[in-house]
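Chain and residue survey
Next come the chains, spelled out residue by residue.
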Amino acid sequence: MRGIDTAYNYQGFTTHRALARTAADLLGEFTLSTKVGYFPSGTGERPAHSLDPARLRAAVERSAYDLSRIPDVVFLHNPEVTLSELDPTESYDRLAAACATLSEASRSGLCGEWGIATWDPRPVAAAVEHRVSDIQPHVVLLRAGLSVAATILTVGERLCRAMGIDTQHRWGMSPFAGNMADPAWGVVDLRDFLASDQDWSTPQAALRLAYELPGVARVAVGTRNPAHLRELVAATTLRLNSAALARYRELINEAP
């Protein structure tokens, strides 16, 4: 484990202060990434999403203050939430303005790098592909693993190519669709995906495959269970059956 990924709005907008209070000087041992894009709604309901440049800038500034250190990466958090409600022209303009805000924050030293974190890359790709784009984040964070639908995988990879993001600058998230306790993980058979003569568990195999679906350099997982984390760290060295993985991509792309 070399990184901690969090967000401005996690734990009721308290997670940055909690990290700084709990981890203190240990935070310097990790790559620290966070996300901005959700804000208090003012009504006590679910956080509201916004791409407003002023609100994003203020959130980046507050993040650095609450963390007591400069984040290594600040992601634009799920821009598709706002973009999905806009026409292509307005969608691109709003995305470009938001990205320019994070880019400027990086240049001014409020964060190391900036990126885009997207659960559903389709509205983001539609905005970027609407015109010749100069949106060039340093990092992109995408859903990864066997639970991701073929369309999401394909569009996510296409978005990365359009923005010039190579595999080393792609990160993955939610490799277990948010819940390793789902009964499906108890019956799925992953042995064909792995090279023989290895000991592994289903969570380990699923995590290792997430590095390939799509190709990413890091995968973020939950931290509630230390034993689970130890198991997953060991999974990163598992060897895969590349032919089975390629066949899997063919099958899901052919599915209706």
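The structure under discussion appears in the preceding block.
Cut-offs applied
Residues numbered from 1 in each chain as written. Predicted model: local features only at pLDDT ≥ 70, side-chain atom pairs only at ≥ 80, totals over all residues. Heavy atoms only, no water. Phe/Tyr/Trp six-rings, centres within 6.5 Å; stacked < 30°, edge-to-face > 60°. Helix = DSSP H or I, 4+ residues; strand = E, 2+ residues; numbered from the N terminus. Buried < 20%, exposed > 50% of the residue type's maximum accessible area, 1.4 Å probe, protein only. Lys NZ or Arg CZ within 6 Å of the ring centre and 35° of its normal. Axes fitted to C-alpha atoms, helices over the stretch in contact; angles between N-to-C directions. Parallel < 35°, antiparallel > 145°, perpendicular 65-115°, else oblique. Left-handed = near helix turned anticlockwise from the far one by under 90°. Contact = heavy atoms within 4.5 Å. Core = buried A, V, L, I, M, F, W, Y, C linked by side-chain atoms within 4.5 Å. Pairing = 2+ DSSP bridges.

Looking now at the packing of aromatic side chains. Per the counting criterion, the structure on display carries 5 aromatic pairs. Between Phe75 and Trp171, the ring centres sit 5.6 Å apart and the planes meet at 70°, which makes this aromatic pair edge-to-face. Within this pair, whereas Phe75 is found in strand β5 (residues 73-77), its partner Trp171 is found in strand β8 (residues 170-173), the two being separated by 96 residues in sequence. Assessed through its relative accessible area of 10%, Trp171 is described here as buried. Sitting over the ring of Trp119, Arg143 keeps its end group 4.5 Å from the ring centre.

Following both chains from N to C, one finds helix α2 (residues 15-23) and helix α3 (residues 53-67) inclined at 25°, their axes separated by 7 Å at the closest point. When the axes of α2 and α3 are compared, the pair comes out roughly parallel. When you trace α2 past α3, the crossing you get is right-handed. For the pair α2 and α3, the contacting residues are His16, Arg17, Leu19 and Ala20 in the first and Arg62, Ser63, Asp66 and Leu67 in the second.

It is worth spelling out the environment of Gly12 at this point. Mapped onto the secondary structure, Gly12 falls in helix α1 (residues 10-13). Along the backbone, Gly12 and Val233 are 221 residues apart, and their C-alpha atoms lie at a distance of 29 Å.

A word on the nonpolar core. In this structure, Val36, Leu76, Leu95, Ile135 and Met163 are the most contacted members of the largest nonpolar core, which totals 33 residues. Looking at this core, the elements with two or more residues in it are α3, β5, α5 (88-107), β6 (113-118), α6 (122-128), β7 (139-143) and α7 (150-162). The dominant element in this core, judged by the number of residues it contributes, is α5, at 6 residues. Ile135 has contacts with Tyr92, Leu95, Ala96, Cys99, Trp114, Ile116, Val128 and Met163, leaving out every residue within four places of it along the chain. Formed by 28 residues, the second largest nonpolar core is a distinct cluster that contains Phe176, Leu209, Leu238 and Ile252.

Pairing between the strands of a sheet comes from backbone hydrogen bonds, and it takes one of two forms, parallel or antiparallel. Strand order across the open sheet formed by 7 strands is β1-β2-β5-β6-β7-β8-β9, with parallel pairing between neighbours. The sheet is open, and its two borders are formed by β1 (3-5) and β9 (218-220), each paired with just one other strand. Averaged over all adjacent pairs, the angle separating strand axes in this sheet is 25°, with direction ignored. Relative to β5, strand β2 (residues 31-36) is paired through 4 bridges, and the arrangement is parallel. Paired with Lys35 across the bridge in β5 is Phe75. This element, α7, spans β7 and β8 of the sheet and lies at about 175° to β7.

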